[in-house]
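# Structure assessment
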Amino acid sequence: MSNNDRRGFLAASAGLGLVAIAPGVHLMQVAQARPAGEPASKLQRWGMLVDTTKCASGCTACVSACATENGINEQVADPRQAAQWIRKIDIKDPKNGRQHSLPMMCQHCAEPPCVDVCPTGASMKRADGIVLVDRHICIGCRYCMMACPYKARSFVHQPLTQQNPEVPRGLGCVESCTLCVHRVDKGQKPACVEACPEGAMLFGDLEDPNSDIARRIAQTATTQVRADLKLNTGVRYQGI
Amino acid sequence: MRRAVTLFLLGVLPWLTFSAWAGDGVPKPTIVIANEGKCIAPTEEMRRNHMDMLKHQRDETMRKGVRGKPASLNGCIECHAGKSTGSVIGKDHFCESCHSYAAVKLDCWDCHQPKAGFKAAGVKP
Ligand code: SF4
Ligand code: SF4
């Protein structure tokens, strides 16, 4: 962990130098496939902004799109074992009756507790802020599921055969929203963002001051769910 | 464990290459390659080193986000999937035929899709 921090710090300082020399560099990186052979960069941080004032109660377009994109198609014996990549939540303030509907998924924390507790290093944060499970070394202990304050992770309890070739997932490993990392790396948006009929979800680079998402966050009141935990989430909400 | 597997493979595969020495009566794996001649490296090199190439690339891609490099598992499947099932596993198919012959267990396919061009359907609400 401390090793990662140090590496992160070095990368960040190198990054700052780059930005100062070439301020336009960010603009060119947004919404473009990363060239083959290049690693994800610390200069970017992928995030999402959900406008809950637009999100319709009862609509599950984002959930279905996620299931299709990521090959979540297994029938589970017990509904408590179902995959939890993204789910819709309806909330109501009992004091004044104000209601909201919102999608909840991995918040891609900058300080992810799931990464802190993982005994093997399988739960990891990529340089560009996407939090993933490296299934090659996940031992299925499920510590990360308990550590996640957003109940964003689930465990695969049965053998799978219908995976999407770009989204490997299987028995004995924990999984969660990948921010559609395979799409993002190709310069595409996550499936849920693309599918939302209300345009309630905005995806982009939080580090790029000229991106739509960074501008919206700079101009309007947005919320991090459980901001008190100081996890610095990459998924933000508007209107709650 | 992985070291043991690698050492074992290093021991077994050169022998496979020259298995003509074994003479008749020794069963050999049938290795059918659907799209021959497009491999990223010569056969001898692939036989000895494919596990290291794949493992190296797996970590680069998974942990650092490096995409589009030649040693990609999906890339292998594209050419090596059997014509009858479109898969690299199953009897006589590329990965499984040799691995079951050499008694090296593969768990890639617990998570990875062994069929070329497979399109998953989603069913969640
Ligand atoms: S939301 Fe949960 S799974 Fe996602 S990064 Fe934060 S702690 Fe980890
Ligand atoms: S289940 Fe896997 S990813 Fe989660 S803490 Fe355990 S080893 Fe790490």
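Refer to the preceding data block for the structure.
Let me sum up the structure you'll find in this document. (Residues numbered from 1 in each chain as written. Chains lettered and ligands numbered in written order. Predicted model: local features only at pLDDT ≥ 70, side-chain atom pairs only at ≥ 80, totals over all residues. Heavy atoms only, no water.)

## Let's talk about the overall build of chain A
This is how it is decided: Helix numbers and strand numbers start at the N terminus; a helix is a DSSP run of H or I with at least 4 residues, a strand a run of E with at least 2. The rule is simple: take the accessible area with a 1.4 Å probe, protein chains only, and divide by the maximum for that residue type; under 20% is buried, over 50% is exposed, in between is partly exposed. Any two residues whose heavy atoms approach within 4.5 Å are treated as being in contact. Here, Shrake-Rupley sampling with a 1.4 Å probe gives the accessible areas, and only protein chains in the shown set may cover a residue.
When helices and strands are counted, chain A shows eight helices and ten strands. Across the 240 residues in chain A, those meeting the buried criterion constitute 48%. Restricting to contacts in chain A with at least 6 residues of sequence separation, those with at least 24 account for 63%. Within the structure as shown, chain A displays about 11600 Å² of accessible surface, and the carbon and sulfur contribution to it stands at 55%.

## What about the interface of chain B and chain A?
To keep it simple, the criterion reads: Summed over both partners, buried area is the accessible surface (1.4 Å probe) that two parts give up on being assembled. When a carboxyl oxygen of Asp or Glu is within 4 Å of a side-chain nitrogen of Lys or Arg, the pair counts as a salt bridge. Pairing of N or O atoms within 3.5 Å defines a polar contact, subject to two protein rules: one partner must be a possible hydrogen donor and the other a possible acceptor, and residues neighboring in sequence count only if both atoms are side-chain atoms. For this classification, the nonpolar set comprises Ala, Val, Leu, Ile, Met, Phe, Trp, Tyr, Cys and Pro, the charged set comprises Asp, Glu, Lys and Arg, and every other residue, Gly included, is treated as polar.
Taken together, the 22 residues of chain B in the interface contact 43 residues of chain A. Roughly 2600 Å² of surface becomes buried between chain B and chain A when both sides are summed, with 52% attributable to carbon and sulfur atoms. Put simply, chain B and chain A have two salt bridges between them. The residue Asp134 of chain A makes a salt bridge to Arg63 of chain B at a minimum N-O spacing of 2.9 Å. Put simply, chain B and chain A have 14 residue pairs in polar contact (both at pLDDT 80 or more) between them. For the side of chain B that touches chain A, the elements supplying multiple residues, two or more each, are helix H2 (43-64) and helix H5 (108-111) of chain B. The dominant element in the side of chain B that touches chain A, judged by the number of residues it contributes, is H2 of chain B, at four residues. Looking at the side of chain B that touches chain A, its residues break down into eight nonpolar, six polar and eight charged.

## Quick look at the environment of Cys98 of chain B
Structurally, Cys98 of chain B can be placed in helix H4 (residues 94-101). Sequence-wise, Cys98 of chain B and His112 of chain B are 14 residues apart; in three dimensions their C-alpha atoms are separated by 18 Å.

## Some thoughts on the environment of Gly68 of chain B
All names here are of chain B. You can see Gly68 is positioned in the loop between H2 and helix H3 (73-80). Look at Gly68 and you get exposed, because its relative accessible area is 62%. With 20 residues separating them in the primary sequence, Gly68 and Val88 have C-alpha atoms 21 Å apart.

## Structural notes on the site of ligand 2
The line we're drawing: Any residue with at least one heavy atom within 4 Å of a molecule or strand is counted as near it.
In the vicinity of ligand 2 there are 14 residues, among which Cys118, Cys138, Cys141, Arg142 and Cys144 of chain A approach most closely. Here the residues of the shell around ligand 2 sort into ten nonpolar, three polar and one charged.

## Some remarks on the packing of aromatic side chains
Residues and elements named next belong to chain A. Stated precisely, the cut-off is as follows: Any two of the Phe, Tyr and Trp rings considered here, Trp counted by its six-membered ring, make a pair once their centres fall within 6.5 Å; the pair's planes then place it as stacked at under 30 degrees, edge-to-face at over 60, or tilted in between. Only when the NZ of Lys or the CZ of Arg is both within 6 Å of the ring centre and within 35 degrees of the ring normal is a charge said to sit over the ring.
Under the counting rule described, the total for this entry stands at one aromatic pair over all chains. Ring geometry for Trp46 against Phe203: centres 5.2 Å apart, planes inclined by 15°, an arrangement best described as stacked. Within this pair, whereas Trp46 is found in strand E1 (residues 46-51), its partner Phe203 is found in strand E8 (residues 201-205), the two being separated by 157 residues in sequence. Taking NZ or CZ as reference, Arg142 lies 3.7 Å from the ring centre of Phe155, over its face.

## Some words on the side chain of Asp185 of chain A
Positionally, Asp185 of chain A belongs in the loop between helix H6 (181-184) and helix H7 (191-195). Classification of Asp185 of chain A by relative accessible area gives buried; the value is 5%. Looking at Asp185 of chain A, its side chain comes within polar contact range of the side chain of Arg126 of chain A, at 2.8 Å. Among the polar contacts listed, one links the side chain of Asp185 of chain A to the side chain of Arg67 of chain B, at a separation of 2.7 Å. If we skip the residues at most four places from it in the chain, Asp185 of chain A touches Ala33, Arg34 and Arg126 of chain A together with Gly65 and Arg67 of chain B.

## Side note on the sheet that holds strand E10 (residues 235-238) of chain A
Put simply, the rule is: A pair of strands is treated as paired once DSSP finds two or more bridges between them.
The strand order across the open sheet formed by four strands is E8-E1-E10-E9 (chain A), and the pairing between neighbours is mixed. The open sheet terminates on both sides in strands that have one partner only, identified here as E8 and strand E9 (222-223) of chain A.

## Considering the nonpolar core
What counts here: Residues grouped as a nonpolar core are buried Ala, Val, Leu, Ile, Met, Phe, Trp, Tyr and Cys residues, joined through side-chain atoms within 4.5 Å.
Judged by nonpolar contacts, the single largest core of 49 residues is most densely connected at Met48, Met105, Tyr150, Met201 and Tyr237 of chain A. It is helix H3 (residues 61-70) of chain A that contributes the most residues to this core, four residues altogether. In contact with Tyr150 of chain A, not counting residues within four places along its chain, are Arg87, Met104, Gln107, Cys109, Val225, Arg226, Leu231 and Thr233 of chain A. Formed by six residues, the second largest nonpolar core is a distinct cluster that contains Leu73, Ile77, Ala81 and Trp109 of chain B.

## Digging into the site of ligand 1
Neighbouring ligand 1 are the residues Cys106, Gln107, His108, Cys109, Pro112, Pro113, Cys114, Val131, Cys148, Pro149, Tyr150 and Arg153 of chain A. Classifying every residue of the shell around ligand 1 gives nine nonpolar, two polar and one charged.

## Some words on the pairing of E8 of chain A
All names here are of chain A. Burial analysis of E8 places five of its five residues in the buried class, the great majority of the element. Here E1 pairs with E8 via five bridges, running antiparallel. Across the sheet, Leu49 pairs through a bridge with Leu202, a residue of E8.

Taken by themselves, the reported measurements are silent on function.
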